[in-house]
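Overview (structure and organization)
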Amino acid sequence: MEDFEKLGAFYLGRPYDLSAKKREEAPLLYDSRDLVTHAVCVGMTGSGKTGLCTVLIEEALIDGVPAIVIDPKGDLGNLLLSFPDLAPESFQPWVNEDEARKLGVSAEELAAREAERWKTGLAEWGQSASRIKRLRDATEIALYTPGSTAGLPVNILQSFGAPPQEIRDDSDLFQERVTTTATSVLGLVGLAVDPLKSREHILVAKILEALWSDAVDASLPVLIQHVQKPPFDRVGALRVDDFYPENDRFALATVLNNLLAAPGFDAWLSGDPLDVSALLRSSSGKARCAIFSIAHLNDSERMFFVSLLLNEVLAWARSQSGTTSLRALLYMDEIFGFFPPVANPPSKEPLLLLLKQARAYGLGVVLATQNPVDLDYKGLANTGTWLIGRLQTERDKARVMDGLEGVSATAGGAFDRQAMEQLIAGLGKRLFLLHNVHDDELVIFESRWALSYLCGPLTRAQIKRLTPGSGSDAPTKGGPEASPVSRAAPGVPRAPATSAQPVGPVLPPEIVQHFLPTETLAGESQSDTPTTGPMTYQPMVLGAANLHFVDARKGVDVTRPVVALTPITTEAVPVDWARATLVDLSTGELESSPQDGAHFADLPSAAGKPASYGRWGKAFARWAYSSQTIELFKHPETGQLSKPGESERDFRARVDQSGREARDELVEKLREKYAPKQASLEERLRRAEQRLDKEQQDVSQSGIQTAVSVGATILGAMLGRKRLSVRTLGRAATAARGAGRVRRERDDVARASENVEAIRQQIADLEGRLKADLTKLDARARATGDLQTLAVRPRKADIEVTLVALAWVPATSA
């Protein structure tokens with residue numbers, strides 16, 4: 001491993017000495033767990049703020065931490081521009097042709113220069129093409145363009161769906177979700193509303209509350225319908241028509257309908273849904289980085305989408321288990337207008353809640369801006385890490401000072417405002433002040449070279465080039481054991497009809513028959529070809545059963561309903577359950593009478609005999625036992641098993657998170673193990689200094705400094721700047737250098753050198769033990785493998801067949 005390739009540590013750059021104007025060799029490593037308490041990055045245009053934030057995201061992705069990135073400027077799509085070959089041909093489509101013309105060179109020549117510049121820059125920071133490949137292998141990156149088809153489109157309909165049970169059970173969170181959604185929708189149509197005074201807002205919010213309380217999903221068409229005819233009679237003490245007359249409600253419904261009918265709005269209704277689990281993990285469980293480029297949207301559209309997305313992230317976070325390790329990252333660039341100090345736009349409330357609550361669930365929030373004066377610094381008092389670059393105005397500096405002072409007060413630490421202002425005043429391009437409440441000291445550092453090619457904001461054509469197809473990898477809902485067909489059931493087999501009668505056959509009363517809902521159309525009717533003619537019912541046998549799956553060793557004890565349809569033929573064996581298809585339908589949805597005007601296909605003679613259904617029921621039970629299983633995933637390295645119904649994506653995410661938690665716990669134990677040894681070395685240096693002072697010996701300054709720099713390389717990278725850190729060793733070295741300059745008697749140099757060499761040897765021994773421990777831990781943390789699949793069959797004695805009946809399945813004749 002390189003010095004910066006440490007477990008759970010992000011390589012952000014190298015410390016920088018402002019007085020000497022040079023950077024140090026030792027890497028600056030940031031503990032990933034510190035990001036759970038969130039971060040804010042501020043800096044004026046040209047400070048290198050976007051580059052640093054790109055570096056931070058890259059480090060998270062290399063560590064397998066998924067991310068959601070909100071990009072108002074359109075330049076974070078650069079994360080897709082990582083080229084392991086570092087070839088000029090890879091850079092050429094992304095170089096600025098205007099810049100090439102200004103330089104008097106061709107695009108090919110500029111691409112060659114950029115490729116060489118990137119190769120040199122990476123090497124200067126100890127990186128190579130292999131690290132770029134590691135970034136690409138660790139994650140999938142998707143570029144979304146809400147409201148546009150330039151990149152991957154986003155379907156917002158799910159955001160109007162009923163919030164999960166966890167949100168509905170929390171009255172405060174539920175009301176906040178209702179309020180922000182109502183404000184966002186009305187803001188999208190140009191209505192600046194007050195949640196307490198605006199009757200438009202009160203009406204829409206009350207409609208959402210009524211629907212969501214009953215777990216009913218909303219949508220724009222449903223909302224428009226309920227604005228005209230609300231699902232309640234009163235608003236407060238007033239009748240609905242007195243509070244908001246019908247004609248006025250119709251005007252509001254018209255405004256909302258104009259939005260739905262507006263050209264291009266269909267781009268909001270297609271593509272991947274705002275399913276945070278699918279955005280963060282692929283169906284195979286691989287970490288994803290979902291970039292939402294919103295530079296093309298107007299202000300109201302941006303606020304609308306960002307508010308919806310933040311609410312979805314908040315709901316997802318609250319559904320996760322608690323952890324102290326970093327589970328996922330939410331980054332938003334240029335939050336100007338979304339988190340103001342005075343106003344309350346729809347985005348502010350979910351952001352505040354995320355800053356206050358998300359840390360408990362392992363979600364790190366990172367916010368960036370070049371205008372700190374426009375931030376709610378009181379809200380940012382919940383932020384543990386500040387990355388401060390060059391600032392332009394005194395107002396910006398004063399606002400940052402206010403924020404840092406609030407953070408320090410919250411953390412119970414001292415704050416020297418004057419010293420902080422002096423440090424910030426000396427910052428140049430790519431130089432940042434790191435203020436981390438988890439560390440003992442402030443650090444000035446220079447950000448490292450980005451692995452991704454930073455070409456600036458992407459054009460629409462470039463975005464389309466990066467996303468040639470939809471690329472949706474969002475998995476369908478349901479566990480790995482579920483294999484039902486959709487409600488439309490295009491794969492339901494059926495016996496061919498020889499005729500279609502306007503009335504059904506006359507059957508003995510012992511034969512139970514049901515009619516499937518008309519949306520369950522079978523066979524060819526599900527093609528894209530328009531159909532005409534009357535609906536025809538096709539006969540099939542429907543079986544329904546409750547299957548009990550039990551395996552104590554695997555932790556399985558669930559009952560799952562199964563409904564299957566199989567055709568009735570004129571063959572020797574008229575019903576063969578091996579040809580059955582599972583349908584996503586409950587027996588309660590079956591209808592007792594046919595639709596008016598429907599025709600009936602011929603019924604095979606076997607289906608007209610009551611005794612047949614008894615035999616078919618027994619055969620159905622045997623088929624259910626032999627064919628139905630619950631599949632569980634097993635992680636071979638850890639022995640972890642998935643839960644019944646848990647998808648591969650969710651299981652891999654859980655395994656990764658538990659592995660990260662175990663890794664962080666072991667790293668903490670290593671810190672506890674080596675910190676006392678480090679303190680002992682510090683004490684030896686202190687005693688050596690006292691002895692030198694007493695005996696007035698001339699100790700070589702370079703010798704002591706060499707010993708301390710070795711310790712900084714070993715322990716600093718591992719232990720960071722926590723308590724008992726290299727900072728204390730640095731103070732001892734400074735005192736030793738001072739002592740060496742004052743006491744220059746040469747007689748005892750040899751004895752002093754022996755002392756220094758002894759300490760150096762102990763540090764080298766400590767380095768060897770630490771490296772060995774890190775190697776073992778790294779091998780364990782990076783251990784991966786294919787998942788095993790285990791099948792659990794239903795318990796035969798517990799199979800409960802609830803229904804075997806003649807089922808008439810609707811189809812439309814062409």
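Residues numbered from 1 in each chain as written. Predicted model: local features only at pLDDT ≥ 70, side-chain atom pairs only at ≥ 80, totals over all residues. Heavy atoms only, no water.

**Details of the overall build of the protein chain**
To keep things clear, this is the line we draw: Numbering of helices and strands runs from the N terminus; a helix is a DSSP stretch of H or I covering at least four residues, while a strand is a stretch of E covering at least two. Each residue gets one of three labels from its accessible area relative to the maximum for its type: buried under 20%, exposed over 50%, partly exposed in between, using a 1.4 Å probe on protein chains only. A contact between two residues is defined here by any heavy atoms of the two lying within 4.5 Å. Here the accessible surface of atoms and residues is derived via Shrake-Rupley with a 1.4 Å probe, and residues count as covered only by protein chains that are part of the display.
The number of helices and strands found in the protein chain is 22 helices and 25 strands. For the protein chain, the residues scored as buried account for 50% of the 814 residues in total. Looking at the protein chain alone, contacts between residues at least 24 apart form 78% of all its contacts between residues at least 6 apart. Only carbon and sulfur atoms are counted for the fraction: they give 49% of the accessible area of the protein chain, which is about 36,100 Å².

**Brief notes about helix H4 (residues 107-124)**
Keep this limit in mind: One fewer than the residue count of a helix, multiplied by 1.5 Å, yields its expected span. Throughout, the arc means the angular range of directions from the helix axis out to the C-beta atoms.
Between the first and last C-alpha of H4 there are 25 Å, a value that for 18 residues agrees with the 26 Å anticipated at 1.5 Å per step. Looking at H4, one finds that the buried residues are Ala107, Leu110, Ala111, Glu114, Ala115, Trp118, Gly121 and Leu122. The buried residues of H4 occupy an angular sector of 140° when projected down its axis, which confines them to one face.

**What to know about the packing of helix H1 (residues 49-62) against helix H5 (residues 129-138)**
Defined as follows: Comment: axis = line fitted to C-alpha atoms, over the contacting stretch for helices; angle = value between 0 and 180 degrees taken between N-to-C directions. Between 65 and 115 degrees an angle is taken as roughly perpendicular, under 35 as roughly parallel, over 145 as roughly antiparallel, and anywhere else as oblique. Two helices that cross are described as forming a left-handed crossing if the nearer one is turned anticlockwise from the farther one by less than a right angle, and a right-handed crossing if clockwise.
One can describe the packing of H1 onto H5 by two numbers: an axis separation of 8 Å at closest approach and a directional angle of 65°. One element, H1, and the other, H5, form an angle in the roughly perpendicular class. The two elements H1 and H5 meet at a crossing, and its hand is left-handed. Contacts from Glu58, Glu59, Leu61 and Ile62 of H1 reach H5 at Arg131, Arg134, Leu135 and Ala138.

**Looking at the packing of helix H7 (residues 171-188) against helix H8 (residues 199-213)**
Keep this limit in mind: Here the term charged refers only to Asp, Glu, Lys and Arg, the term nonpolar to Ala, Val, Leu, Ile, Met, Phe, Trp, Tyr, Cys and Pro, and the term polar to all other amino acids, Gly among them.
Here H7 crosses H8 at 130°, and the two axes come no closer than 9 Å. It follows that H7 is oblique to H8 by the angle criterion. Handedness of the H7/H8 crossing: right-handed. Of the residues in H8, those in contact with Phe174, Gln175, Arg177, Val178, Thr179, Thr181, Ala182, Thr183 and Leu186 of H7 are Glu200, His201, Val204, Ala205, Leu208, Glu209, Trp212 and Ser213. Grouping the constituent residues of the contact of H7 with H8 by class yields eight nonpolar, six polar and three charged.

**A few points about the pattern of salt bridges**
How we decide: Note on definitions: salt bridges are taken to be side-chain nitrogens of Lys or Arg within 4 Å of carboxyl oxygens of Asp or Glu.
Applying the stated rule across the entire model yields 25 salt bridges. The salt bridge involving Asp798 is made with Arg795; its shortest N-O contact spans 2.8 Å. When its relative accessible area of 27% is taken as the criterion, Asp798 is described as partly exposed. Within this structure, Glu58, Glu59, Arg131 and Arg448 form a network of salt bridges that share partners.

**Topic: the environment of Thr581**
With respect to the secondary-structure elements, Thr581 resides in strand S21 (residues 581-582). In this structure the C-alpha to C-alpha distance between Thr581 and Val563, which are 18 residues apart in sequence, comes to 8.6 Å.

**Some words on the packing of aromatic side chains**
By convention here, two paired aromatic rings are described through the distance between centres and the angle between planes. The cut-off we apply is this: Centre distance within 6.5 Å is the pairing criterion for rings of Phe, Tyr and Trp, where only the six-membered ring of Trp is used; planes under 30 degrees apart are then read as stacked, over 60 as edge-to-face, and the remainder as tilted. A ring has a charge above it when a Lys NZ or an Arg CZ is no more than 6 Å from the ring centre and no more than 35 degrees off the ring normal.
Within the structure shown, the criterion is met by 19 aromatic pairs. Between Phe515 and Tyr537 the ring centres are 5.3 Å apart and the planes differ by 70°, which places this aromatic pair in the edge-to-face class. In this pair, Phe515 is assigned in strand S18 (residues 513-515) and Tyr537 in strand S19 (residues 535-551), connecting sequence segments 22 residues apart. Here Phe515 and Tyr537 have matching classes, each one buried. With a centroid separation of 5.0 Å and 75° between ring planes, the pair formed by Tyr613 and Trp616 is classed as edge-to-face. Of this pair, Tyr613 and Trp616 both sit in helix H18 (residues 610-627), three residues apart, which is roughly one turn of that helix. Each member of the pair Tyr613 and Trp616 is classed as buried. Three or more aromatic residues joined by ring pairs make a cluster, and in this case those are Phe83, Phe91, Trp118, Trp449 and Tyr453. One residue, Arg199, lies across the ring of Tyr244, its end atom 4.2 Å from the ring centre. When the ring centre of Trp94 is taken as origin, the NZ or CZ atom of Arg465, which lies over that ring, is 5.8 Å away.

**What about the environment of Pro610?**
Note on placement: Pro610 falls in helix H18. Taking the C-alpha atoms as reference points, Pro610 and Leu507, separated by 103 residues in sequence, lie 9.1 Å from one another. Discounting chain neighbours no more than four positions away, the residues touching Pro610 are Pro508, Glu510 and Ile511.

**A word on the side chain of Thr569**
For clarity, the cut-off: As used in this structure description, the phrase polar contact means that two N or O atoms lie within 3.5 Å; if the pair is within protein, one of them must be able to donate a hydrogen and the other to accept it, and residues adjacent in sequence are counted only when both atoms belong to side chains.
Structurally, Thr569 is set in the loop between strand S20 (556-567) and S21. Here Thr569 falls in the buried class, since its relative accessible area comes to 11%. In terms of polar contacts, Thr569 uses its side chain to reach the backbone amide nitrogen of Glu571, at 3.2 Å. Contact partners of Thr569, with chain neighbours within four places excluded, come to Pro574, Arg579 and Pro604.

**Let's talk about the pairing of S20**
Selection criterion: Following DSSP output, two strands are said to pair if at least two bridges run between them.
Bridge count between S19 and S20: 12 bridges; the pairing is antiparallel. For Met540, the partnering residue across the bridge sits in S20 and is Pro567. Between S19 and the antiparallel strand that follows it, S20, lie four residues; Gly555 among them carries a positive phi value of about 70°. As defined by bridge partners, S20 adjoins S21 across two bridges and the pair is classed as antiparallel. The residue bridging Leu565 from the neighbouring strand is Thr581, located in S21.

**Let's talk about the pairing of strand S14 (residues 385-388)**
Here S14 shows two buried faces, one formed by Thr385 and Leu387 and the other by Trp386 and Ile388. Where strand S4 (residues 39-42) and S14 come together, four bridges link them in parallel fashion. Considered in S14, the bridge of Val42 is made with Ile388. Where S14 and strand S15 (residues 431-436) come together, four bridges link them in antiparallel fashion.

**What about the environment of Pro574?**
You can see Pro574 is positioned in the loop between S20 and S21. Judged by relative accessible area, which is 15%, Pro574 ranks as buried. Distance in space between the C-alpha atoms of Pro574 and Ala606 is 7.0 Å, their sequence separation being 32 residues.

**A closer look at H8**
End to end, H8 covers 21 Å across 15 residues, agreeing with the expected 21 Å (1.5 Å per residue, within 8%). His201, Leu203, Val204, Ala205, Ile207, Leu208, Leu211 and Trp212 are the residues of H8 that are buried. Each element contacted by the buried residues of H8 is listed here: helix H6 (165-169), H7, helix H9 (220-228) and helix H11 (246-261). Following H8 by one or two positions, Ala215 has its phi on the positive side, about 60°.

**Observations regarding the state of the cysteines**
Let me state the cut-off plainly: A pair of cysteine sulfur atoms is labelled a disulfide when the two atoms are within 2.5 Å.
This structure, assessed with the given rule, holds zero disulfides. Cys53 carries a free sulfur, and the closest cysteine sulfur to it, the one in Cys41, is 3.8 Å from it.

**Focus on the confidence of the model for the protein chain**
Using the following cut-off: Think of pLDDT as the predictor's per-residue confidence, scored from 0 to 100.
Of the residues in the protein chain, 80% reach a pLDDT of 70 or more, and the chain-wide mean stands at 81. Ignoring residues within four places in sequence, the model shows residues 470-498, a span with pLDDT below 50, making 71 contacts including any to other chains. Scored below 50 in pLDDT, residues 521-531 shows 22 contacts in the model against residues more than four places distant or in partner chains.

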